[in-house]
Structures are given as structure tokens and as C-alpha cells.
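Given next are the chains, with one letter for each unit.
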Amino acid sequence: MSQDVLLPAIGPDEAPFWEYTRKGELRIQQCSGCERLRFPPRPMCPDCHSTDSHWTLVSGRGTVWSYVVPHPPLLPQFMPLAPYHVITVALDENPTIRLLGNLVEKAGDPINAIDPATIEIGMAVQVVFEAVNDEIHMPRWVRV
Amino acid sequence: MKDATAIVGIAESKFSKNLEASECQLASEVIIAALAEAGLKPSDVDGMASYTMETTSEVDIAKNMGAGDINFFGQVGYGGGAGPGCVGLIAMAVATGQCEVGVAWRSRKRGSGQRPWAANDQVTVGASWTRPWGLLRPADEIGMLTRRYMHEYGATREHLCNVAMSVRKHANNNPNAIMYERKMTRDDYMNARWISEPLCLFDNCLETDGALACVVVSAERAKDCPQTPVYIHSVSQGLPPQHQTMTNYWNEDPLRGPAWCCADGLYKTSDIKPEDIKVAQLYDAFSPLIILSLEGYGFCERGEGAAFTEDGGIEVGGRLPVNTSGGGLSEAYVHGFNLINENVRQMRGTSCNQVEGADTCIVTAGEGVPTSAMILRR
Ligand SMILES: [Zn+2]
């Protein structure tokens, strides 16, 4: 199915995120100068201006901040799935870091399997990973 | 800057789903027409400002219109965030003496051209945190903020419907509006197909081919022009801290977007405050952007934007008439330049939905992107 999915473009700033998801870990870039978590990843900390950073393991727990249910017209990769949903998850460690994702019963389920009417803002979720190919393991989310 | 320059000419093409002329031709035609309205010649023009998204360069426009020496040219970025910023840029050039007769314009064939989000099915690095999970289009990106807004403040689809219907009513009085003859009922809205829940078809702007232009000169020179001068009182752009264009999800308060930042800049140099403003053109690529802009530009408190639309609040005769030509939702979607020209008509007293006694107005660009706004007065 890999040719049917929309894959992320990965530059040097993003590469560590995807290296860690391949190991089943959700890690967020953290400033080595002042320990501020930042997202999306980028070279400089806006607080202390350090360009040193590391990738810190987070719990993978969060809450649904918002969601949408896209309907056609869509890109061809998503047409067969419509209507599906996209959620935004605020991480427990820092709720201003909100990862996009999809709610599933278990990793590997299609993103239209869950009835969007059962999604609630504030719902607790936990990250899981779906290997869409050898390189890209996409974070998805299950209810806690 | 304050009142140092004025808009003295405006023009627009026909608005349609499909115009035959090229974007270059449409731009050239509206610039010539706006100059004619201002009593000026193409050879008088020495300044040009446009959107970075223009497909035609100043070089080609200048060649087509037969311009002489151009001493100032510049562009403003971020699509629908650019409009008042473009006019502000040329006004600044006129006010500082870098040019004397400036034109600003937008020409776009969005109706017959491709949808930008569908232009390719690859993902750029910038979109890598959203698109792979299916958040593909502007409607999805703004839908995400809208759902959160509804959750935080108790707004409902009834409020979004108020916006769509109010703007549509204005378009129904404007023969140039694409939706001139198309009435909309609450049932029409509630039964419309979804685009990205919570947004339905009528929460989305039109897809239009069209072009518009305006001419800016000094307040002094404006006295010699045939049209009532419309003075540029205050202009600002807005790029708040930790902003992300369209997918503004990664800061403390995503629902407090660029409008708030832009409003601070706008009112800082303005003698005209929100309570003095008689009519507003608020950028409406999506209906919820009007609600957010009402809050951001100080017409109500945070969370009150939805209720502001109740009981005809944003219609002519209401608390603050908004998008009196039909806006992007029902007149034409040309990256908001039609909002600029409509405010000029309001100040001249020639709008199809003239607000009685309107002598001050605001026009804003897109909430959700690095934006701009300006206050005009008679
Ligand atoms: Zn730091």
C-alpha cells in the first residue's frame, strides 16, 4: 500500500523524528541550553538561541485538541478513505505541542475505520506506530 | 503615513468561474481602467505593488500598460494575507517620496485554474507535519481551528450560517457579485454538502477568475483627481510569535492569531478606534475567519464573535455591516482585493449596500496567515 500513501518529506531538521519512530519511540526536539521542547523541529531555540538540541523521549500520551472530517474533493491517495478524520493531539508533557494524527483501534487500521462521531475533544489518547514502509513509521493514536 | 496618501481610482474585471483573458491581460486592463477613473495616464505611474503570488511580473505589466520610468516596485507575500499590505506598501512609497503615482493589483484565475492544494500530491518539508495524516487543504486546516473555537466558546453551525447568509444577502444586491441572483436560506446552508466538517460548502469562498486594481497618490495630489479621495489612515501587517501559516497549532493560544497582532499595529497609529468604524470588509476565505476577525480587530471580546453575528449583526443596519459587496464567500474570491475596492466605494458613497454616513472603515486580510489590514476614511 506504500505507493498509495502520502509520505512526509524529510529534511535534516525532521530526520531524527522519523529515525526514532522507526524504533517505536516518540521523541521531541529539546533545547540543550534551556530544556525548552520545540515543535516543529528547527535549528535555533527561540528562548535562549542555543543551536544545540537533543531528542527527548515523551510518554506518547496526550489529549485530542480538535479534529476535522474531510470530504471530497481530496488528493487521490485519500479519496478512497473519505470521509475520514484527522485529529490534533496536545502532548501531556507540553500541550502547546500538538501533533496531527488519526485515531485507530490498533496500529495498521485504516484511518476511516473509527466513527468520527465517537471522537471527543479532551479524549485521552496514546501513540502507536504504523510502518507504512521500511522508512516511515507513522504515529497514529489509540484511545487510552 | 496617517492620511498622507489617498486611493483615487479603482477598477475591477468581470468576475466569473471562467474568464478567457490571461491573468496578465486582466491585470493590465484593470490597472488602465483604475488610472482612467483617477484621471491619470499610464505614463504617470512610477510605483507598483502586488502580491508575491502574482504570476505576472511588474516587468510584464509595465510593458503592457506602457509605463514610463518605474522608481518603486515591491511585493507582499502570504496569499490572502497580502491585500492591504500591498496598498500600504505603495502608500508608504508615495508618502516617503519614492514614487508619486502608485498602482496595486491582484489578478487571479482561481476559478478556471488549478486548486493550489491539488497542484501536486507530494509533501513539502513544511507540510510534513500535517499532510501525511490527511490534513490536505486550507478548508481542513481552518476547519481544525474552527472546531476548537466551537468547543471553547460554544459557537455552533448556526453562527457560521449567520455569516454565510449575511454576506450572501449583500451579494444579492450587487450585480457584479457571482452570487447576485442566488439567494440562500438557512435550509440551503444546513443541507449543503460537507467539505471538511465542521465546514460545509457555504463556509468556503468562491473559486473565481478576476482582477482588481487601485491607484494611490499623495493627499495633496488627490485634491486634483476627479473622484472623492479615500484617505489611507492606518496600515499594519501582523506576524505574531511562533506563528505557523495556516496550521497555527504550535503556540500557547492558536485561536489568537495574526489579527490580534495586526490590530495592535493598526490602532497604534490610528485616531479611529473600533467603536468609530462604520463598515468593515473582513477577509472571508472561510466563514469562521469573519468571527475571529471581529474579535481580533476589537469589535467584540474574545469568544463573542459568534454571538456578534446574531440578529443581523453583520448586515447593513446591524452592529457592524461586514463584507457589503458579498466578500470572498459570495461576490468573488480574488485574494481579498475586492474587499479593498468595496471599502473605497463605501467611503465614496457608491456601494450597492451603502452604509449611511459611513466615513470610516476597515479592511483586513486573511486571519490564519501573516496578515495585513488598513483603516480608510473619507
Ligand atoms: Zn533554549
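Residues numbered from 1 in each chain as written. Chains lettered and ligands numbered in written order. Predicted model: local features only at pLDDT ≥ 70, side-chain atom pairs only at ≥ 80, totals over all residues. Heavy atoms only, no water.

Trainee: Explain the overall build of chain B here, please?
Mentor: For chain B, the helix and strand inventory stands at 12 helices and 11 strands. In terms of its C-alpha atoms, chain B occupies a principal-axis envelope of roughly 55 × 50 × 45 Å. Within chain B, the proportion of its 378 residues that are buried is 65%. If you take every contact in chain B between residues at least 6 apart in sequence, the share linking residues at least 24 apart comes to 77%. Here chain B has roughly 13300 Å² of accessible surface; of this, 47% comes from carbon and sulfur atoms. Distance between charge centres in chain B, computed from 33 positive and 45 negative side chains, equals 2 Å. (Helix = DSSP H or I, 4+ residues; strand = E, 2+ residues; numbered from the N terminus. Buried < 20%, exposed > 50% of the residue type's maximum accessible area, 1.4 Å probe, protein only. Contact = heavy atoms within 4.5 Å. Areas by Shrake-Rupley, 256 points an atom, 1.4 Å probe, with all protein chains shown as cover. Lys, Arg positive; Asp, Glu negative; His and termini not counted. Charge placed at Lys NZ, Arg CZ, Asp CG, Glu CD.)

Trainee: Which parts of the structure should I look at to understand the sheet that holds strand 7 (residues 209-218) of chain B?
Mentor: Hydrogen bonds between backbone groups are what pair the strands of a sheet, and the pairing can be parallel or antiparallel. Residues and elements named next belong to chain B. Here we have nine strands laid out as an open sheet, ordered 3-2-4-7-1-8-11-10-9, and mixed in their pairing. Looking at which strands have only one partner, the edges of the open sheet turn out to be strand 3 (72-76) and strand 9 (279-281). The sheet shows a mean angle of 25 degrees between the axes of neighbouring strands, direction not considered. Where strand 10 (residues 360-364) lies against strand 11 (residues 371-377), five bridges are found, and the strand directions are antiparallel. When the bridges of strand 11 are listed, T360 appears paired with R377. (Pairing = 2+ DSSP bridges. Axes fitted to C-alpha atoms, helices over the stretch in contact; angles between N-to-C directions.)

Trainee: Explanation requested: the nonpolar core in the structure shown.
Mentor: One broad rule of soluble globular proteins: the nonpolar side chains tend to lie buried together. Membership of the largest hydrophobic core comes to 139 residues, with the highest contact counts inside it found for W141 of chain A together with I7, V87, L294, Y297 and I362 of chain B. Looking at which element gives the most residues to this core, the answer is helix 3 (residues 83-95) of chain B, with seven residues. Each of domain 1 (9-57) and domain 2 (59-144) of chain A accounts for three or more of the residues forming this core. Leave out the neighbours within four places in its chain, and L294 of chain B touches L282, F299, C300, G305, F308, T309, I314, L320 and V322 of chain B. Residues A27, I31, M65 and A213 of chain B belong to the second largest nonpolar core, which totals 29 residues. (Core = buried A, V, L, I, M, F, W, Y, C linked by side-chain atoms within 4.5 Å. Domains from an automatic or database assignment.)

Trainee: Before we go on, may I ask you to explain the confidence of the model for chain B in this structure?
Mentor: A low pLDDT score tells you not to read the predicted coordinates there in detail. When pLDDT is averaged across chain B, the result is 97; 99% of the residues are at 70 or more. Model confidence for the complex: the whole-complex pTM is 0.97, and ipTM, which rates the interface, is 0.97. (pLDDT = per-residue confidence, 0-100.)

Trainee: What should I look at first to understand the domain arrangement of chain A in this one?
Mentor: Note: interface size is frequently given as the accessible area lost on complex formation between the parts. All names here are of chain A. What the domain assignment lists for chain A is domain 1 (9-57) and domain 2 (59-144). Centre-to-centre separation of domain 1 and domain 2, based on C-alpha positions: 21 Å. Summing both partners gives a buried area of about 1100 Å² for domain 1 against domain 2, and 78% of it is carried by carbon and sulfur. Counting across the domain 1 and domain 2 interface gives zero salt bridges. The element contributing the most residues to the side of domain 1 that touches domain 2 is helix 1 (residues 15-22), with four residues. The residue makeup of the side of domain 1 that touches domain 2, split by class, is eight nonpolar, two polar and three charged. (Buried area = accessible area lost by both parts, 1.4 Å probe. Salt bridge = Lys/Arg side-chain N within 4 Å of Asp/Glu carboxyl O. Nonpolar A, V, L, I, M, F, W, Y, C, P; charged D, E, K, R; others polar.)

Trainee: Would you mind going over the side chain of R348 of chain B with me for this structure?
Mentor: Residues and elements named next belong to chain B. Relative to the assigned elements, R348 resides in helix 12 (residues 337-348). Classification of R348 as buried rests on a relative accessible area of 12%. A distance of 2.7 Å separates a polar atom in the side chain of R348 from a polar atom in the side chain of E37. (Polar contact = N/O pair within 3.5 Å; in protein donor to acceptor, adjacent residues only side chain to side chain.)

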